[in-house]
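The residues making up each chain are set out below.
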Amino acid sequence: MRFPVTILLALFFSSGLSAQSLVHPSVGESVTTSDNKVKIILIDKKQNFSMHGSTYDPDINSPKSVHIHPNGKKYYVNSLEGCTTISYDFTTNRKLRVIRHSFDEVRDAALWSEPSGLFPWTHYSENLNTFYGKPVESTYSHAGAYLWVPYYRRSFDINAQDPSAVAIIDTETDSIVRLMETGPLPKMITTSPDGNIVAISHWGNNTVGLIDISSSNPADWKYICKLVVDYELKLNYPLDHSVDRDNGSGYALRGTVFTPDNKYLFVGCMGNDGGIAVIDIPQRKYLGRVLGMMPNVRHIVLSNGYLYLSINKGGAVQRISLEKFLDAASRLDGKTTSLSGWETAKVGTGARTISLTPNGQYVFAACNNASGIYIVDTETMTTIGHIDADSYPVGLDISSDGTYVFSTSQGRDNGGGNCVDIYKVEYQDDVTKRGCLACGGAMSDNGNECLACGLKLSSSPASEASSSDKPLDAGSDVTQASEGVQPAAATGCASQIMQAIADYRIILPTAAAVLALIALIAFVVHRSSRMKKSA
């Protein structure tokens, strides 16, 4: 039996059904924190949920992440489903270039590095380099000269079980100058503080890839090794229909961060019993996992002597001193150890990307389920306020002076999202003075040496190199290199229904809600596939 869309919508609205509200805040909305020390204002947005107004941007398509260039002159947005990376001018907010991740086996052959031998193909054998790439996160290298963008998967690999790829973009020309293979389903990517290594965590099979980028010539970059966190998943999914790869992917490796001395790499584990995997970089060795924090670790940040975590399901930000964490890590024997003493601030559910002000006083957290940006005061580790973001935020970045916050709302279940929100932040106190990443002590005038612990930085960490002052306004676990989720789109009538609902905040009185709800759910279930959300 087929129902006209207009009849279903009429049934839905006239029944008085109360649906979950989708949030689309207006430019100009603002919030002052409970202590009156911070004010955050939504000053602009780039949106593709409505074709009306000056904020409309058709290239925003399921934006996964946003990253401000170290020189503060522009920022980049990764549109997952659009298969594009978009650059914008930071001062004028003008679109500069749309970088399309579309490749042809013959045309783009010169872009590819030699295969490392670390990531063998097991399911596909032809036209491997003809595909669309779905960009996820990114990191800068070589003082911002290059932007590295890994792909969730190659478009033909419907279950993300064979090698994906990472594109290296020249940020002066905004063009792709190099392509390298990765393991299956890469998510987070980060650059070591000394600028010599790029690390990629693979959500798809419990592995981490390390790439030597010590040369200034992209042609010289090559894999060092592949490390395994406890065990490598054996992937053998069907090729004719998709399965849920966002769940059931082992430890679901996500957030990654190097220690300031380049000695260790920490990798967050969203799946199984969670924790943080620790890798010894000089030894090229996986040491084990540290537990004791809340499960479902999503993002990891180092700031002013503390290790900060976002806890997705629990809706929290946790922290512990880096010194205490390293002490626990030193006791790892290839298995696990538990660490107590974590400080916890409750934020909105679905805590995804976090970023801190330069002095480490405030944490900003993009909270997906709560459709908001939450602010945590780290002096008390309490949430002091939040402001609406377009449903459902995932990515976030903050300017180098802390005065601008960007968030990306990817959306899910064909609703919400498709928006980049841009906020201006005003502080009562100066938040620009950075402390030592390792201990929080005072830094030298040039910012390269800690006056307390003596840590010397050869270059500024990529994770800390964000924007300007004037914006919009072990053993068997190691494989040496050889020489040489996304939101599913509803279809047909179901898509029209969901889109009609998505553009409004629906708060209606109840009446014959139950019957209408049953009819609507039955229709959508019958006509559309199960929706997924990408972590």
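Quick caveat, the model's predicted, so the values are computed rather than measured.

> Would you take a moment to explain the overall build of the chain for this structure?
Along the backbone of the chain there are four helices and 33 strands. Counting across all 535 residues of the chain, residues that qualify as buried make up 60%. With the model as given, the accessible surface of the chain reaches about 21,000 Å², and the carbon-plus-sulfur share is 50%.

> What am I meant to see in the sheet that holds strand E27 (residues 362-367) here?
In spatial order, the strands read E26-E27-E28-E29; together these four strands make up an open sheet with antiparallel pairing. Two strands in the sheet have a free side with no partner beyond their single neighbour: strand E26 (351-356) and strand E29 (382-388). Geometrically, the sheet is characterised by an average inter-axis angle of 25° between neighbouring strands, direction not taken into account. Inspection of the sheet shows E27 paired to strand E28 (residues 372-377) by six bridges, in the antiparallel sense. Looking at the pairing, Ala365 lines up with Tyr374 of E28.

> Explain the pattern of salt bridges to me, please; I cannot follow it from the model alone.
Oppositely charged side chains can pair when the atoms bearing their charge come close. Summed over all chains, the structure comprises 13 salt bridges. Across the pair Lys95 and Asp57 runs a salt bridge whose closest N-O atoms are separated by 2.8 Å. Within this pair, whereas Lys95 is found in strand E6 (residues 95-100), its partner Asp57 is found in the loop between strand E2 (38-47) and strand E3 (63-68), the two being separated by 38 residues in sequence. Classification of Lys95 by relative accessible area gives partly exposed; the value is 27%. Of the charged contacts in the structure, one is a salt bridge between Lys95 and Asp59, with a shortest N-O distance of 2.5 Å. Here Lys95 is found in strand E6, whereas its partner Asp59 is found in the loop between E2 and E3, with 36 residues between them in sequence. According to the relative accessible area criterion, Asp59 is buried, its value standing at 18%. Through salt bridges that share partners, Lys45, Asp390 and Asp421 make up one connected network.

> When you look at the nonpolar core in this model, what are you seeing that I'm missing?
Nonpolar side chains in soluble globular proteins generally cluster together in the buried interior. Core analysis: the biggest nonpolar cluster contains 23 residues, and Phe266, Ile276, Val278, Leu307, Leu309, Phe325 and Trp342 have the highest contact counts within it. Among the secondary structure elements, those contributing two or more residues to this core are strand E18 (264-269), strand E19 (276-280), strand E20 (285-291), strand E21 (297-303), strand E22 (306-311), strand E23 (316-321) and helix H2 (322-329). The greatest single-element share of this core, amounting to four residues, is contributed by H2. With sequence-adjacent residues up to four places away left out, Phe325 is seen in contact with Phe266, Ile276, Val278, Val290, Leu307, Ile320, Leu339 and Trp342. Judged by nonpolar contacts, the second largest core, of 19 residues, contains Ile197, Cys225, Leu227 and Phe258.

> Would you explain the confidence of the model for the chain in this entry?
Any residue range with low pLDDT should be treated as having predicted coordinates unsuitable for detailed reading. Looking at the chain, the pLDDT average stands at 86 and 82% of residues meet or exceed 70. This model gives residues 460-476 a pLDDT under 50, and the stretch forms 50 contacts once residues within four places in sequence are excluded. Note on residues 483-516: pLDDT is under 50 here. Beyond four places in sequence and across chains, it has 88 contacts.

Cut-offs and rules
Within any chain, residue numbers begin from 1 and follow the written order of that chain's sequence. This being a predicted model, a pLDDT of at least 70 is required before a residue's local features are given, and a value of 80 or more before pairs of side-chain atoms are given or counted; all residues contribute to the totals for chains, interfaces and linings. Where side-chain values are given, they derive from all heavy atoms of the structure, hydrogens and water being excluded. A run of H or I in DSSP becomes a helix once it reaches four residues, and a run of E becomes a strand once it reaches two; helices and strands are each numbered from the N terminus. Residue exposure (1.4 Å probe, protein chains only): buried if accessible area is under 20% of the type maximum, exposed if over 50%, otherwise partly exposed. All accessible areas in this document rest on Shrake-Rupley with a 1.4 Å probe, and a residue is counted as covered only by the protein chains that are shown. Should DSSP find at least two bridges between two strands, the strands are taken to pair. Every axis corresponds to a line fitted to the C-alpha atoms, with the helix fit spanning only the stretch in contact, and the corresponding angles, defined between N-to-C directions, vary from 0 to 180 degrees. Each salt bridge in this description consists of a side-chain nitrogen of Lys or Arg and a carboxyl oxygen of Asp or Glu lying within 4 Å of one another. Residues belong to a common nonpolar core when they are buried Ala, Val, Leu, Ile, Met, Phe, Trp, Tyr or Cys residues joined through side-chain atoms within 4.5 Å. We call two residues in contact when some of their heavy atoms are within 4.5 Å. Per residue, pLDDT captures the predictor's confidence, and it can take any value from 0 to 100.

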